[in-house]
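Single-letter residue listing:
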Amino acid sequence: MLNTILITLLIVAISLTFLGLKVFFTKEGRFPNGHVSGNKVLREKGIGCVQSQDREARMKPRHAVKESTNASQPE
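Residues numbered from 1 in each chain as written. Predicted model: local features only at pLDDT ≥ 70, side-chain atom pairs only at ≥ 80, totals over all residues. Heavy atoms only, no water.

Peer 1: Is there a simple way to explain the overall build of the protein chain in this structure?
Peer 2: Within the protein chain, the regular secondary structure consists of 4 helices and 0 strands. Residues classed as buried in the protein chain amount to 5% of the 75 residues present. Looking at the protein chain as shown, the accessible area adds up to about 7800 Å², and 61% of this sits on carbon and sulfur atoms. (Helix = DSSP H or I, 4+ residues; strand = E, 2+ residues; numbered from the N terminus. Buried < 20%, exposed > 50% of the residue type's maximum accessible area, 1.4 Å probe, protein only. Areas by Shrake-Rupley, 256 points an atom, 1.4 Å probe, with all protein chains shown as cover.)

As structure tokens, this is what we get:
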């Protein structure tokens with residue numbers, strides 16, 4: 001049982017090391033952006049993430065009434 005846990009921890013440690021090689025050993029190392037908005041091809045197609053689309057939809061009121069800007073109203 002203890003051998004299995006130690007082997008599992010070793011495999012996880014090696015995997016994390018390989019995943020972080022670029023981040024740890026380059027000057028400007030960063031993990032790649034996995035977000036939809038970080039994907040150039042999707043951006044060119046106009047596809048965004050749900051959170052961004054929801055935020056944009058909330059900014060535009062669907063049933064808003066335009067206010068009249070009549071200059072002949074008394075002050």
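Peer 1: In this structure, what is going on with a nonpolar patch on the surface? I would like to understand it.
Peer 2: A surface patch of nonpolar side chains, about 690 Å² in accessible area, is lined by Leu-10, Ile-14, Phe-18, Leu-21, Phe-24 and Phe-25. Contributing elements (two or more residues each) for the nonpolar patch: helix 1 (2–19) and helix 2 (21–25). Of note, Ile-14 is situated in helix 1. (Patch = residues over 30% accessible without salt bridge, like charges linked within 9 Å, V, L, I, M, F, W, Y side chains within 5 Å. Salt bridge = Lys/Arg side-chain N within 4 Å of Asp/Glu carboxyl O.)

Peer 1: Just to check I follow, could you spell out helix 1 for this structure?
Peer 2: Each turn of an α-helix holds 3.6 residues, which means side chains three or four residues apart point in the same direction. With 18 residues, helix 1 should cover 26 Å at 1.5 Å per step; its first-to-last C-alpha distance of 26 Å lies within 8% of that length. Burial of helix 1 is sparse: only 0 of the 18 residues sit out of reach of the surface. (Expected span 1.5 Å × (residues − 1).)

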